[in-house]
Amino acid sequence: MPTIENGSRTREFTGKRALVTGGSRGIGAAVVRQLLDAGAEVLTTARSATSTVPEGAAFVAADVRTRAGAETVAAAVRERLGGVDILVHNAGGARPHAGALAIPDEEWQDALELNCLASVRLDSLLAPGMRERRSGAIVHVSSAAVLTPVGPFLHYVAAKAALETYSRGLSLELAPSGVRVNTVTPGRVATPGGEETREQWARLDPAPGGTGPDATVPLGRDGRPDDIADAVLFLVSDRAGWLTGSNLVVDGGEFPRG
Ligand SMILES: NC(=O)c1ccc[n+]([C@@H]2O[C@H](COP(=O)([O-])OP(=O)(O)OC[C@H]3O[C@@H](n4cnc5c(N)ncnc54)[C@H](OP(=O)(O)O)[C@@H]3O)[C@@H](O)[C@H]2O)c1
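Just so you know, these numbers come straight off a predicted model, no measurement behind them.

Details of the layout of surface pockets
Within this model, the second largest pocket holds a volume of roughly 210 Å³. Lys16, Ala137, Arg180, Val236 and Asp238 are the residues nearest the centre of the second largest pocket, which is lined by 14 residues in total. Split into classes, the residues belonging to the lining of the second largest pocket amount to 4 nonpolar, 5 polar and 5 charged.

What about the packing of aromatic side chains?
All told, the structure shown has 2 aromatic pairs when counted by the stated rule. Between Phe153 and Trp201 the ring centres are 4.9 Å apart and the planes differ by 80°, which places this aromatic pair in the edge-to-face class. A residue pair is termed long-range when its members are at least 10 positions apart, and Phe153 in the loop between strand 7 (136-141) and helix 4 (154-174) and Trp201 in helix 5 (residues 192-204) qualify at 48 residues. Look at Phe153 and you get buried, because its relative accessible area is 7%. Relative accessible area serves as the criterion here: at 11%, Trp201 is assigned to the buried category. An aromatic cluster is present here, built from Phe153, Tyr156 and Trp201 joined pairwise through their rings.

Some words on the site of the ligand
Of all residues adjacent to the ligand, which total 32 residues, the nearest are Ser24, Arg47, Asn90, Tyr156 and Thr191. Between Arg25 and the ligand, the recorded distance is 3.1 Å, taken from a side-chain N or O atom to an oxygen atom. Gly193 is positioned such that a nitrogen or oxygen atom in its backbone is 2.9 Å from an oxygen atom of the ligand. Elements with a minimum of two residues in the shell around the ligand: helix 1 (26-37), helix 4 and helix 5. Among the elements that make up the shell around the ligand, the one with the highest residue count is helix 5 (4 residues). Of the residues assigned to the shell around the ligand, the class counts are 11 nonpolar, 14 polar and 7 charged.

What about the pattern of salt bridges?
Under the definition given, this model contains 10 salt bridges. The salt bridge partner of Arg239 is Glu12, with a shortest N-O separation of 2.8 Å. Taken together, the residues span a long stretch of sequence, with Arg239 in the loop between helix 6 (225-236) and strand 9 (247-250) and Glu12 in the loop between strand 2 (8-9) and strand 3 (17-21) at a distance of 227 residues. Overall, Glu12 belongs to the partly exposed group, its relative accessible area being 24%.

Points about the packing of helix 2 (residues 67-81) against helix 3 (residues 105-133)
Look at helix 2 against helix 3: their axes get within 9 Å of each other, and the N-to-C directions meet at 35°. Judged by the twist between their axes, the crossing of helix 2 over helix 3 is right-handed. Contacts between helix 2 and helix 3 involve Arg67, Ala70, Glu71, Val73, Ala74 and Val77 from the first element and Arg121, Leu122, Ser124, Leu125 and Leu126 from the second. For the contact of helix 2 with helix 3, the per-class residue count stands at 7 nonpolar, 1 polar and 3 charged.

Reading the values: rules and limits
- Residues numbered from 1 in each chain as written.
- Predicted model: local features only at pLDDT ≥ 70, side-chain atom pairs only at ≥ 80, totals over all residues.
- Heavy atoms only, no water.
- 1 Å grid on protein atoms, 1.4 Å probe; cavity = no way out; pocket = protein on both sides within 12 Å on 5 of 7 lines; lining within 4 Å.
- Points joined across faces, edges and corners; volume = space filled by probe spheres on them.
- Nonpolar A, V, L, I, M, F, W, Y, C, P; charged D, E, K, R; others polar.
- Phe/Tyr/Trp six-rings, centres within 6.5 Å; stacked < 30°, edge-to-face > 60°.
- Helix = DSSP H or I, 4+ residues; strand = E, 2+ residues; numbered from the N terminus.
- Buried < 20%, exposed > 50% of the residue type's maximum accessible area, 1.4 Å probe, protein only.
- Near = heavy atom within 4 Å.
- Polar contact = N/O pair within 3.5 Å; in protein donor to acceptor, adjacent residues only side chain to side chain.
- Salt bridge = Lys/Arg side-chain N within 4 Å of Asp/Glu carboxyl O.
- Axes fitted to C-alpha atoms, helices over the stretch in contact; angles between N-to-C directions.
- Left-handed = near helix turned anticlockwise from the far one by under 90°.
- Contact = heavy atoms within 4.5 Å.

In structure tokens:
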């Protein structure tokens, strides 16, 4: 079934209600925009609203690192959408440190809260509704950093690795009710957060080589937010109706795997 007609995506998500975390910029904003273009009703969240929240999306300010933040988002979903058919856990990130042993306790805690527990909590609040309705699609956004766990990012990498394992396990639990759960793993993507993190990393270690901040991507360019959004939209669409528990790596060929 073609999804692009006359240069624009068909409105295949008409009637679908979606929550996207971290939709105020970068990859999350691209996912929000593509879902809106395809006809979905979209609620997004970040700690604060910005001019880059796509027009047409509902917005709730919340810090998803906390249980209270997750409850605020779940309440907004009930109030603004009445429930959710598509759940995209995109908010994430972390600051690099001088090495694995230099990462302070509170940064480990922060990385785990944002990159893993935020998804666990929101799923626990919103996925039961999907299970009752016997339909829904969830995507967790991980990172190709998991494939090369370098010291400056071990807190982030470990949290994303936990997220991937959790995502696979949740897919098995929800499969009997028809709810699909998948992971998208981006490589290096040009976003405000991604660029800032790589600049911080380059200041810590100007010449790490290999997979460092200046690593080259075999397909010749960094990813664009829409490259990742395309993968997310496929996974939450009916075209991926027989896909669950998968991990789609979208990295321009940086980490070939079997
Ligand atoms: N860009 C890359 O190269 C890359 C590579 C691999 C994986 N990823 C992953 O892709 C996802 C998106 O990355 P990105 O590069 O688009 O990031 P970004 O440009 O930093 O945007 C992150 C979004 O998440 C929100 N956010 C951050 N902390 C939050 C919190 N505590 N509570 C609620 N919202 C929060 C931000 O808004 P506020 O700051 O206002 O809260 C913003 O809307 C992340 O999970 C990241 O780990 C990115």
